[in-house]
6 protein chains.
Amino acid sequence: MRPSGRQPSDMRAVTLDRNVAMKAEGSCIVAYGNTRVLCTASVETSVPGWLRGKGKGWVTAEYGMLPRATGSRTRREATAGKQSGRTQEIQRLIGRSLRAVVDLEALGEVQVTLDCDVLEADGGTRTASITGAYVALADAIKWMEERKLTKGQVLRDSVAAVSCGIYRGTPVLDLDYLEDVEAETDANFVMTGSGKFVEIQGTAEGAPFSRAELESLMTLAEQGIGDLSAMQKAALGA
Amino acid sequence: MRPSGRQPSDMRAVTLDRNVAMKAEGSCIVAYGNTRVLCTASVETSVPGWLRGKGKGWVTAEYGMLPRATGSRTRREATAGKQSGRTQEIQRLIGRSLRAVVDLEALGEVQVTLDCDVLEADGGTRTASITGAYVALADAIKWMEERKLTKGQVLRDSVAAVSCGIYRGTPVLDLDYLEDVEAETDANFVMTGSGKFVEIQGTAEGAPFSRAELESLMTLAEQGIGDLSAMQKAALGA
Amino acid sequence: MRPSGRQPSDMRAVTLDRNVAMKAEGSCIVAYGNTRVLCTASVETSVPGWLRGKGKGWVTAEYGMLPRATGSRTRREATAGKQSGRTQEIQRLIGRSLRAVVDLEALGEVQVTLDCDVLEADGGTRTASITGAYVALADAIKWMEERKLTKGQVLRDSVAAVSCGIYRGTPVLDLDYLEDVEAETDANFVMTGSGKFVEIQGTAEGAPFSRAELESLMTLAEQGIGDLSAMQKAALGA
Amino acid sequence: MRPSGRQPSDMRAVTLDRNVAMKAEGSCIVAYGNTRVLCTASVETSVPGWLRGKGKGWVTAEYGMLPRATGSRTRREATAGKQSGRTQEIQRLIGRSLRAVVDLEALGEVQVTLDCDVLEADGGTRTASITGAYVALADAIKWMEERKLTKGQVLRDSVAAVSCGIYRGTPVLDLDYLEDVEAETDANFVMTGSGKFVEIQGTAEGAPFSRAELESLMTLAEQGIGDLSAMQKAALGA
Amino acid sequence: MRPSGRQPSDMRAVTLDRNVAMKAEGSCIVAYGNTRVLCTASVETSVPGWLRGKGKGWVTAEYGMLPRATGSRTRREATAGKQSGRTQEIQRLIGRSLRAVVDLEALGEVQVTLDCDVLEADGGTRTASITGAYVALADAIKWMEERKLTKGQVLRDSVAAVSCGIYRGTPVLDLDYLEDVEAETDANFVMTGSGKFVEIQGTAEGAPFSRAELESLMTLAEQGIGDLSAMQKAALGA
Amino acid sequence: MRPSGRQPSDMRAVTLDRNVAMKAEGSCIVAYGNTRVLCTASVETSVPGWLRGKGKGWVTAEYGMLPRATGSRTRREATAGKQSGRTQEIQRLIGRSLRAVVDLEALGEVQVTLDCDVLEADGGTRTASITGAYVALADAIKWMEERKLTKGQVLRDSVAAVSCGIYRGTPVLDLDYLEDVEAETDANFVMTGSGKFVEIQGTAEGAPFSRAELESLMTLAEQGIGDLSAMQKAALGA
């Protein structure tokens, strides 16, 4: 029995609210249950040095957590003087995931930065960030298209993410914090709207897992991300 | 004529929404027009080293700005590896302002940290932070009182803040971003609910100002903070 | 056709040389073809603060690359003033992988640090590090057992790792640098000697991948890690 | 009664010694009683990036304290690896204060850096720094004028500063360290030679203060800065 | 011919002014010609961690240069965020040199920190620092003796330093800045009052040097340090 | 009697193994007894900013120690966030020593970086680094000459280094770790193949030393470096 009373294949309530940051070219507050992340997309005309003059753009991400997104206050990374290894790992994952569906040549020599700032943390902040950042990115691309700033079709597909895990012996979809702490195995899946994998990260937190267990998590993820992709599509009004 | 069409002594629309962060002991989203700041109060049982064992508590503040709170993206301080001088100056001001109305002995050996994170910036983020942080602090003190964790009356008064300035030759209340950029003189006032000054910071951005001009700004500030104090009282349901 | 002329399911020549660092409690130089990593295990009697007094130990890893392990010189991280996100991601992975086969209570209140320093880099440095670090760890545990410093059976299993990828449309085992740069999909697998998964990280570098493709990579990994586990066993003389 | 025996409106003995650093374009050791600060002005031909090519100059300041300027040794900021929030706040104030009397266009594309290094600290280091830095700046401008490097009248006015406070219930001028520690209210005033305000920073250290109290501090400051301006004029031999 | 017109074996004018910092337990401004360094000695009751509880003390040094001690402004190390390699090398040398004449057991569990801050730099700042720091240290030890804080004779000897070099083919004593820049060989000597060597650092800046050349520099140094030791003795009133 | 049973004028067994790093333009593992250092030479086409466009090159060095080169694990400098003062001092010494035998104009606008990474530390790591780095450098110059990248004879001489010390009253050559810890005086000598001095650094660790003692160390060094130079010649000439 899951702490929330959900069935193994139930996701939490998901919402995607667009246009929540007045100044950003795209923005979205994504909620997976009590986890809430503010995602903004910023279009900037300078690209990293190694890309300059190549006619290609870049998509990158930064991740942060407000100090009191968590049960006890987390130290602010700006005060600590650096981003933790965990933060860097997450923001690298978000950036890679989004780039997987972007045609960087069509984007033109432009950088889009996705800032994912966690307002409330209850498990799944990195997967929610990816799902919400895609919506903010899509809006920013639309903003660019309206100004004829792109060089063709930028988005090749949509992308969304969810975590799955073995909780008390049962494979379950979309772990919340209480489940995450206790799960034997924890896996994050990033998939496209067309059902292909962009990233899979599975970790044995307790006992190592079998191939069969991994297969069952994949099946849950395929279903969950199918639903998330539909919600993204609906939110974007397409 | 002000860009917003306001009269010289008009404040922007102010809102104070409490209990916006599930996990914090107190929280508030304060808006001064389009400026919005999320303030959370965190009660922690450890105090700074130099206070340990003295039976007194501490109130401190940290300030941050989400990268896309601003018109063009601002670099994340966690990435830059340090807080800017401006950020440190602001968070020191917020902390001092709140401590001015707190009885640190009544607080007991506890630290309350006020995190003020700017969601949208349109001028006045430091003054809005003080006004909102007071509400979050008051809720955190209430939370402590309900658990009998305090040693007497902690809050001696309320505290709020507003900026004033000379804009195109006219003293005006509560500068927004467009006014702030252009103002000849910019002053921040922090006052208690009982009408006394906690902090006054006036700066000649263009031409130096006369004592008479400063007096007129003080008068505007007294009126504005009077209104803000009433709103705080109302929001806190007293 | 692979650049090295290998068959899709061929690993590079693997060697595991033990006792290469005179002062370490365990050490190993692991080679996967031209990739060579020096792994040392250091037994220290202090554990991280949050574990103190709990009677449990800790296993952690640090990863580094000599500046000229690479084709063009890489900037020394000590000069740069911090470890890159990539370095942190890798050392966190190595640490997690080893802890998956360690009984931290049997270890006692001791920390074992595995330092993995890449002498030559030709693809697969993180997977070679895991395989070599296990050997160094096993020797350090033996060193502890000889001194009766453990509290029971510390190692529950062995652990080894390999990368697989889709190279020019074909699933191949153990990518070298030339393949790694070009691979459409790149996946790292960490498995135990008993054939269970500890970690799986698959990333679409080019096009997203299908479940069937992932399955074929898993099958290659199971075979490769089976061989690596046997080599570890042989090297450790068991 | 003040610890030094001074009357409430008495300043400490003030001296301004020019040309104390052989290599600087302008320099001054300023003393307010036992507080002594070495101020140097350095003329450099490069301006900050955002000013380049605009034909305008910049005036900025840096502040430091020798480790043994204080009663017990203060940690060197170069060792600590960063400037404290207090240091940054002070040097930003000094820079703003000087820029208030400088015509940056007449300066031409040149940066003048004022270094204020406290040799002995006995209260009022930031106000003494401003008063002394103005003298060093005036000498550096003279140096530039002699070389025909300016584009018109650079200095529009002089600038000086003093602190005032409520000490044991009485408004007093120019707090020394013993008074500063105990003062209920502490205010720093920066004014021009022509009697206008450039900056005012008043802080309630103990109880909040009334408008009447602030007015009395202003009156003291106007008198004190009048005297300081005359001394600057005399020192500069005008 | 030396730029200053000095004979090869002439030192610059040397002065040692004591008691120049009101708050320090010992202090001295040392001048070697135009090079001037403020040296303060601070007695602190805490020692480094690794010495705690051993009944022994420690003597250490820190070195800094005011930004405008040099012909063109040098960047402040506190702003740069770290001390340069050169600074660290110099302060390590000063500390070692002083410890060579101190009985750390007689000192008791106390740390004396010598801060050497260069006010004007014209070559020889590190050697002047050692000579001046010894005087400040001697005064601090006297201060301790007057309070009966020592456990016996702390100073076993005096210590002073000078640089020598091969300038345009001729061995010369006490290089000034113009000579230092051009010297083929540059050597720093640290010697005790009784004529023994504490440290010798010789570097070929241009062509490598012969043993005979090094011998001639040693002879110059012995003479120069003999004079410096006498001046220290005189300054300390012994 | 020396701990190793060596005679006072005996060096440890020295080996110089070339071409140990596949990708470097020159490389060498140097051993002085149990001390082993991997030296690589990297030829890069960019020079430091202050040398750009002057047609001259630069030779520089970086030094590091693997965490478990030492008896107990040493903290990784990349984790600490900076290089220690000791590390910086050593790498500056290595760079200076090599530049003393290089014609930077003949090198052309190229930077050669010598990385000296200590694999095992048993005393003398800095002197071994210099001796080994010279061999790596010579190979890198040969590599450049084969590609006609130099502008004349780059190497004017060879360079090697050794430490000497007063151990239990006797001057001895090539201190190992046990001797180094206990030596009263410790001196590092860097000399050219033609028998001239490049650098000499002598430090009294215990009692100050006499000129006669220094002379005896010099004589030992001349002999030892004579042998090392012959070994370098043999290693390179082979």
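Nothing here was measured: the structure is a model prediction, and the numbers come from that model.

The rules behind each value
- Residues numbered from 1 in each chain as written.
- Chains lettered and ligands numbered in written order.
- Predicted model: local features only at pLDDT ≥ 70, side-chain atom pairs only at ≥ 80, totals over all residues.
- Heavy atoms only, no water.
- Least-squares fit on C-alpha atoms with pLDDT ≥ 70 in both.
- Contact = heavy atoms within 4.5 Å.
- Buried < 20%, exposed > 50% of the residue type's maximum accessible area, 1.4 Å probe, protein only.
- Helix = DSSP H or I, 4+ residues; strand = E, 2+ residues; numbered from the N terminus.
- Pairing = 2+ DSSP bridges.
- Phe/Tyr/Trp six-rings, centres within 6.5 Å; stacked < 30°, edge-to-face > 60°.
- UniProt positions renumbered as here; feature names shortened; annotations may be inferred.
- Polar contact = N/O pair within 3.5 Å; in protein donor to acceptor, adjacent residues only side chain to side chain.
- Axes fitted to C-alpha atoms, helices over the stretch in contact; angles between N-to-C directions.
- Patch = residues over 30% accessible without salt bridge, like charges linked within 9 Å, V, L, I, M, F, W, Y side chains within 5 Å.
- Areas by Shrake-Rupley, 256 points an atom, 1.4 Å probe, with all protein chains shown as cover.
- Salt bridge = Lys/Arg side-chain N within 4 Å of Asp/Glu carboxyl O.
- Lys, Arg positive; Asp, Glu negative; His and termini not counted.
- Charge placed at Lys NZ, Arg CZ, Asp CG, Glu CD.

### Digging into the relation of the copies chain A and chain B
For the pair chain A and chain B, the best superposition has an RMSD of 0.0 Å and corresponds to a rotation of 180° with a translation of 0.0 Å parallel to the axis. The superposition of one copy onto the other is thereby described by a two-fold rotation axis. Most of the interface of chain A is mirrored in chain B, where 100% of its interface residues are also at the interface.

### Some words on the pairing of strand 8 (residues 185-192) of chain C
Residues and elements named next belong to chain C. Counted residue by residue, strand 8 has eight buried out of eight residues, so it is predominantly covered. Going residue by residue along strand 8, you find Thr185, Ala187, Phe189 and Met191 tucked away on one face and Asp186, Asn188, Val190 and Thr192 tucked away on the opposite face as well. Where strand 6 (residues 159-167) lies against strand 8, eight bridges are found, and the strand directions are antiparallel. Residue pairing across strands places Ala160 opposite Met191, the latter belonging to strand 8. Two elements, strand 8 and strand 9 (residues 197-204), share seven bridges in a ladder whose sense is antiparallel. Within strand 9, the residue paired with Ala187 across the bridge is Gly202. Linking strand 8 back to strand 9 in an antiparallel pair, the connection comprises four residues, with Gly195 at a positive phi of about 90°.

### Section: the packing of aromatic side chains
One pass over the structure, following the stated rule, counts 18 aromatic pairs over all chains. Measuring from ring centre to ring centre gives 5.8 Å for Phe209 of chain A and Phe197 of chain C, while their planes differ by 15°; the resulting arrangement is stacked. Of this pair, Phe209 of chain A sits in the loop between strand 9 (197-204) and helix 6 (211-235) while Phe197 of chain C is found in strand 9, placing the two residues in two different chains. Ring centres of Trp50 of chain D and Trp58 of chain D lie 4.9 Å apart, and the angle between their planes is 80°; this geometry places the pair in the edge-to-face category. Residue Trp50 of chain D is classed as exposed on the basis of its relative accessible area, which comes to 53%.

### Notes on the UniProt feature "binding site: phosphate" (unreviewed entry) in chain A
All names here are of chain A. Within the UniProt annotation, "binding site: phosphate" (unreviewed entry) is assigned to Arg86, Gly124, Thr125 and Arg126. Judged by maximum C-alpha separation, these annotated positions cover 41 residues in sequence but sit close together in space, the widest gap being only 13.5 Å. The topology assignment puts Arg86 in helix 2 (residues 85-99). Polar side-chain contacts of Arg86 include one of 3.5 Å to the side chain of Tyr63. Here Thr125 shows up in helix 4 (residues 125-146).

### A word on the sheet that holds strand 5 (residues 111-120) of chain F
Residue and element names in this part refer to chain F. Strand order in the open sheet formed by five strands is 1-2-3-5-4, with mixed pairing between adjacent strands. Where the open sheet ends on each side, the last strands, each with one partner, are strand 1 (14-18) and strand 4 (58-65). When the angles between neighbouring strand axes are averaged without regard to direction, this sheet yields 20°. Sheet analysis places strand 4 next to strand 5, joined by eight bridges and oriented parallel. Its bridge partner lying in strand 5, Val59 is registered against Val112. Here helix 2 (residues 85-99) sits on the sheet in contact with strand 4 and strand 5, set at roughly 145° to strand 4. Contacts between helix 4 (residues 125-146) and the sheet are confined to strand 1, strand 2 (26-32), strand 3 (35-44), strand 4 and strand 5, with strand 3 contributing the most and set at about 35° to the helix.

### Some details on a positive patch on the surface
A surface patch of like charges, here positive, comprises Arg75 of chain A, Lys82 of chain B, Lys82 of chain D together with Arg75 of chain E. Note on placement: Arg75 of chain A falls in the loop between strand 4 (58-65) and helix 1 (77-80). The class of Arg75 of chain A is exposed, set by a relative accessible area of 55%.

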